[in-house]
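Fold and contact review
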Amino acid sequence: MTPAEFRALGHRLVDQLADFHESLEARRVYNPVPRDTLLRELGNGSVPNDGAPAQEVLDDIFALLRDYSRHNGHPRFMGYIVSPGSPLGALGELMAASFNQNVAASFAAPMASEIEMQSIRWIAELIGYPSDGDGIFVSGGTMANVVGLQVALSAALGPSLRSEGISGAPLRCYTSKATHAWIKKAVRMCGLGTDSIVWVETEPDGRMKLADLKQRLQQDQAAGRHPFMVIGNAGTTMTGAIDPLPDIAALCREHGLWFHVDGAYGAVAAVLGARYPELAALAEADSLAIDAHKWLYAPVEAGCILVKNGKALSDVFDDDPDYIHNAPSHEGAQFYRKGPQHSRQFRALKVWLALKRLGRSGYTQMIARDIARAEELFALVSEHPELEAATTGLSITTFRFVPADLSTDTDGAASYLDALNEALLTEVQASGEAYISKAVSEGRFLLRACIINYRTTSADLARLVDVVVRLGRELDRQLRPKSPTQ
Ligand SMILES: Cc1ncc(COP(=O)(O)O)c(C=O)c1O
């Protein structure tokens, strides 16, 4: 491709993407079509024998992605904790791919490495985490937490872990039942197995019960097991609950346990200062996972693990193979020696651009606004006679549809409401008008709206309520078992 062709194609693509951004609000959030349709549209043939003109290839695939994607940046996408992305982030991705830096180390990508280190420091400063520690960008929250767990394990077992692997008394890590599913993957990946997880009970709003944590810890100590870490949540996935982090930090100090915080979603809310006093204890975490592709609004993928003791990462990952020429004069970060990957994308650029563009005040405003929207939704559903508000935490609100004339204290009402709301969720998603997801709290099936979206307005919340109630009434007419007298 000549530079002139690149210029022409790039301008055309940016125009198409700008049109797409402009048209987002008028589009369906989601267009559920059978897989057959996707394969037919894509063309399900073998690898092409001959190539095709670049413009044709780009135009075709642009149209397919525009028409057959779930639009996470749509103002009424409130389904999951995933960022809406941003046009600036998209330009950052284009720039990162164009420079094609392998951010393995400073000698491979000098400026990109400094940008990554600066982004890590800025994120730490933004949320009040000690900025003299270390960190590294990884693919997302799951991987950031996996690295946190591996580092905790290495701190517990010492250098023997590197050569001999896991040995000794059965290891135990403690976390609440509301913790994201990353924990199960992490313990399997680290060779611990899921029996190593001690699931601590939660309060109705999803916060960890401290008394239960203490009791389980005592039991395991008495039984000769080896507790090594406690994982606190700064914003649970289902309800946005923040665990009692200061108390957990104190307990970890008392028992010499590693204190890890899964802040993939909510740690960034620390930018609001006194509003969430528990988040002050982020500063005490030995390791902290953050997901920039959640509340820092970066396009996927971008996760980040911060550690207080910089050596903790290299204790696990450091190796300097013979085929790398790492001259003594090479200064700067060596990411391949402190993280799981060797070749690495330049994920930090899109994050750095947003931090530079918005600054602390920009993030403070945007995060406060998302929380205000979630609280506004909670108020709307609380006032509505056919909706029952359940929880609101950070920028997540949960609720359910309850038909006005349903006696909720009769036999079968609870299971009917669960089935009705589950069917309703499928209908709302399929409607394309709004997109929400689910939570399960105290045995109830709930509808869940996560707002980390600078495009969502009050009008979008009102529209969501309308859609839920309209479709809920229709479904109730179809699904409610008829009483014998009817
Ligand atoms: C609290 C929490 N931790 C971890 C994760 C996993 O993050 P990722 O999907 O980026 O791997 C999520 C995802 O929603 C989350 O909400």
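The rules behind each value
Residues numbered from 1 in each chain as written. Predicted model: local features only at pLDDT ≥ 70, side-chain atom pairs only at ≥ 80, totals over all residues. Helix = DSSP H or I, 4+ residues; strand = E, 2+ residues; numbered from the N terminus. Rg over C-alpha atoms; globule rule 2.2 N^0.38 Å. Buried ≥ 20, exposed ≤ 12 C-beta atoms within 10 Å, placed from the backbone. Contact = placed C-beta atoms within 7 Å. Domains from an automatic or database assignment. Near = placed C-beta within 6 Å. Nonpolar A, V, L, I, M, F, W, Y, C, P; charged D, E, K, R; others polar. Axes fitted to C-alpha atoms, helices over the stretch in contact; angles between N-to-C directions. Parallel < 35°, antiparallel > 145°, perpendicular 65-115°, else oblique. Left-handed = near helix turned anticlockwise from the far one by under 90°. Pairing = 2+ DSSP bridges.

To continue, consider the overall build of the chain. When you go through the chain residue by residue, the secondary structure sums to 14 helices and 11 strands. Its C-alpha radius of gyration of 24 Å places the chain within 12% of the 23 Å reference for a compact globule of 486 residues. Dimensions of the chain along its principal axes, counting C-alpha atoms only, are 85 × 70 × 45 Å. Scored against the burial criterion, the 486 residues of the chain give a buried share of 44%. Restricting the contact set of the chain to residue pairs at least 6 apart, pairs at least 24 apart contribute 74%.

Before going further, it helps to examine the environment of Glu 203. Structurally, Glu 203 is set in the loop between strand S3 (197-200) and helix H9 (210-222). Once the C-alpha coordinates of Glu 203 and Ala 178 are considered, the two residues, 25 residues apart in sequence, prove to be 9.8 Å apart.

For an interface, size is often stated in terms of accessible area lost upon the parts coming together. Entries for the chain in the domain assignment read domain 1 (3-68) and domain 2 (101-346). Computed from C-alpha atoms alone, the centre-to-centre distance between domain 1 and domain 2 is 38 Å.

With that settled, consider the site of the ligand. Not every one of the 14 residues close to the ligand is listed here, only the nearest: Gly 140, Gly 141, Thr 142, Thr 237 and Ala 264. Per-element accounting of the shell around the ligand gives the leading share, 3 residues, to helix H6 (residues 141-157). Each residue belonging to the shell around the ligand can be placed in one class, and the counts come to 4 nonpolar, 8 polar and 2 charged.

It is worth spelling out the packing of helix H1 (residues 3-23) against helix H3 (residues 54-67) at this point. The relative placement of two packed helices comes down to the angle between their axes together with the axis-to-axis distance. Where H1 meets H3, the axes come as close as 11 Å, and the angle between the chain directions of the two elements is 15°. On the basis of their axis angle, the class for H1 and H3 is roughly parallel. Along this stretch, H1 crosses H3, giving a crossing that reads as right-handed. Along its contact with H1, which presents Glu 5, Leu 9, Leu 13, Gln 16 and Phe 20, the element H3 presents Ala 54, Gln 55, Leu 58, Phe 62 and Arg 66. Classifying every residue of the contact of H1 with H3 gives 6 nonpolar, 2 polar and 2 charged.

Attention shifts here to the sheet that holds strand S2 (residues 171-176). Taken in spatial order, the 7 strands line up as S1-S7-S6-S5-S4-S2-S3 in an open sheet, and their pairing is mixed. With partners counted over all chains shown, the strands left at the sheet margins are strand S1 (134-138) and S3, one partner each. Each adjacent strand pair in this sheet contributes to an overall mean axis angle of 20°, direction not counted. Sheet analysis places strand S5 (residues 258-263) next to strand S6 (residues 287-291), joined by 4 bridges and oriented parallel. In the strand pairing of S6, His 260 is matched with Ser 287.

For strand S11 (residues 444-450), a buried count of 5 out of 7 residues is recorded, marking the element as mostly surrounded by other parts of the structure. Across 4 bridges, the pairing between strand S9 (residues 396-401) and S11 is antiparallel. Bridge assignment links Phe 399 to a residue of S11, and that residue is Leu 447. The sheet contact formed by strand S10 (residues 437-441) and S11 spans 5 bridges and is antiparallel. By the bridge assignment for S11, Ser 441 is matched with Arg 444. If you look at the hairpin formed by S10 and S11, you'll find 2 residues sitting between the two strands, and Glu 442 has a positive phi there, around 50°.

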